[in-house]
Amino acid sequence: MTTIGFIGSGNLGGNIARLAVAAGHQVVLSNSRGPETLAGTVAELGPLASAGTREEAAAAGDIVVVSIPVTAFVDVPVAPLAGKAVIDTSNYGPERDGQIPELDDASLTSSGLLLRYIPDAGVVKAFNTIYFKHLLSLARPASAADRSYLPIAGDSAPAKAAVTAFTDSIGYSVVDAGTLAESWRQSTGTPVWGTPYGSASNGKGQPAGADAIRAALAAATR
């Protein structure tokens, strides 16, 4: 059994946790407000779920999902994440995060920024391109003809392999989108961001195969 730690348990992180529990993984949730505020979510998810502090979630996870605003990267615990695969689901938005010059001028990606805070972790950009409701509705078994693909990017081959296996276990295949420096191709507003999976107004979304995701990544411009 794999344990997935969550730093941030909002809409997207919470739905990744739901899929993880359904696939038989153990999850340890955390947020900025304290473990007691996650009691309802833990009760909903059942015996495979628990809540803790950010540090406890980071220490417990074989893989750790960071699903928080970019400005909160400074609060991510460093030591417990060394040597671990860390999934970054972030989307930079200046209207929420304020202006970050290196992200504005494209000299750095948001996942590259996270790696600066946790340099000994294997950061992988994933899950940031799909609407949180679609994430639940489009999950499919590996044998399904209409299984959807998600782009992932990272510099660590072992971390990518771990994230690929986890993603596969919860109902999605992956397209390798390259290095963290190339993860701008799946950032906010790019062709692969949201669009292949359908409008947010359609809660069920639409499946997106590997060819559609590769074409959307290739169509991205700076």
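All values reported here derive from a predicted model rather than from experimental measurement.

**Focus on the overall build of the protein chain**
Step number 1: Each helix and strand in the protein chain was counted, giving 9 helices and 8 strands.
Step number 2: On C-alpha atoms alone, the protein chain measures out to a radius of gyration of 16 Å, which is about the 17 Å that the 2.2 N^0.38 rule sets for 222 residues.
Step number 3: With the C-alpha coordinates of the protein chain rotated into their principal frame, the extents come out at 45 × 40 × 35 Å.
Step number 4: Across the 222 residues of the protein chain, 51% fall into the buried class.
Step number 5: Excluding contacts between residues fewer than 6 apart, the proportion of contacts in the protein chain whose partners are at least 24 apart in sequence is 65%.
Step number 6: Accessible surface, the protein chain: about 9400 Å² in total, of which carbon and sulfur atoms supply 54%.
Step number 7: Charge centroids of the protein chain, computed over 15 positive and 19 negative side chains, lie 6 Å from each other.

**Description of the pattern of salt bridges**
Step number 1: If you walk through the whole model with that rule in mind, you get 8 salt bridges.
Step number 2: Between Arg-214 and Asp-211 there is a salt bridge; the shortest N-O distance is 3.8 Å. With Arg-214 and Asp-211 both in helix H9 (residues 210–218), this residue pair falls 3 residues apart, about one helical turn.
Step number 3: By relative accessible area, Arg-214 is classed as partly exposed at 46%.

**Some details on the side chain of Ser-30**
Step number 1: One can find Ser-30 in strand E2 (residues 26–30).
Step number 2: For Ser-30, the side chain forms a polar contact with the main-chain oxygen of Phe-6, separated by 2.6 Å.
Step number 3: In this structure Ser-30 touches Phe-6, Ile-7, Gly-8, Ser-9, Leu-38, Gly-52, Thr-53, Arg-54 and Ala-57, once residues within four positions along its chain are discounted.

**A look at the sheet that holds strand E8 (residues 173–176)**
Step number 1: Taken in spatial order, the 8 strands line up as E3-E2-E1-E4-E5-E6-E7-E8 in an open sheet, and their pairing is mixed. For this open sheet the edge positions go to strand E3 (49–51) and E8, each flanked by a neighbour on one side alone. Along the sheet, successive strands turn relative to each other by an average axial angle of 30 degrees, direction set aside.
Step number 2: Two elements, strand E7 (residues 149–154) and E8, share 4 bridges in a ladder whose sense is parallel. Bridge pairing in E8 links Pro-151 to Val-175.
Step number 3: Each of strand E1 (3–7), E2 and strand E4 (63–66) touches helix H1 (residues 11–22); the most contacted strand, E2, lies at about 160 degrees to it.

**Focus on unusual backbone geometry**
Trans peptide bonds make up most of the peptide bonds, and negative phi angles are found at most residues other than glycine.
Step number 1: Of note in this structure, Ala-106 is not a glycine but carries a positive phi near 65 degrees.
Step number 2: Examined against the element boundaries, Ala-106 turns out to sit in the loop between helix H5 (101–104) and helix H6 (110–117).
Step number 3: Accessibility expressed as a relative area gives 32% for Ala-106, which makes it partly exposed.
Step number 4: Look at Phe-127: it is not a glycine, yet its phi comes out positive at around 70 degrees.
Step number 5: Locating Phe-127 in the fold gives a position in the loop between strand E6 (122–125) and helix H7 (132–137).
Step number 6: With a relative accessible area of 1%, Phe-127 lands in the buried category.

**Remarks on H6**
Step number 1: Every buried residue of H6 is accounted for by Ser-110, Ser-111, Gly-112, Leu-113 and Leu-114.
Step number 2: At its buried positions, H6 is contacted by E4, strand E5 (85–88), H5 and E6.

**Considerations on the pairing of E5**
Step number 1: Alternating residues of E5 divide into Ala-85 and Ile-87 and Val-86 and Asp-88, and every residue in both groups is buried.
Step number 2: Relative to E5, E4 runs parallel, the two being bridged by 4 bridges. Bridge pairing in E5 places Val-64 opposite Val-86.
Step number 3: Bridge count for E5 against E6 is 4 bridges, and the pairing is parallel. Paired with Ala-85 across the two strands is Gly-122, which belongs to E6.

The rules behind the values
- Residues numbered from 1 in each chain as written.
- Predicted model: local features only at pLDDT ≥ 70, side-chain atom pairs only at ≥ 80, totals over all residues.
- Heavy atoms only, no water.
- Helix = DSSP H or I, 4+ residues; strand = E, 2+ residues; numbered from the N terminus.
- Rg over C-alpha atoms; globule rule 2.2 N^0.38 Å.
- Buried < 20%, exposed > 50% of the residue type's maximum accessible area, 1.4 Å probe, protein only.
- Contact = heavy atoms within 4.5 Å.
- Areas by Shrake-Rupley, 256 points an atom, 1.4 Å probe, with all protein chains shown as cover.
- Lys, Arg positive; Asp, Glu negative; His and termini not counted.
- Charge placed at Lys NZ, Arg CZ, Asp CG, Glu CD.
- Salt bridge = Lys/Arg side-chain N within 4 Å of Asp/Glu carboxyl O.
- Polar contact = N/O pair within 3.5 Å; in protein donor to acceptor, adjacent residues only side chain to side chain.
- Pairing = 2+ DSSP bridges.
- Axes fitted to C-alpha atoms, helices over the stretch in contact; angles between N-to-C directions.

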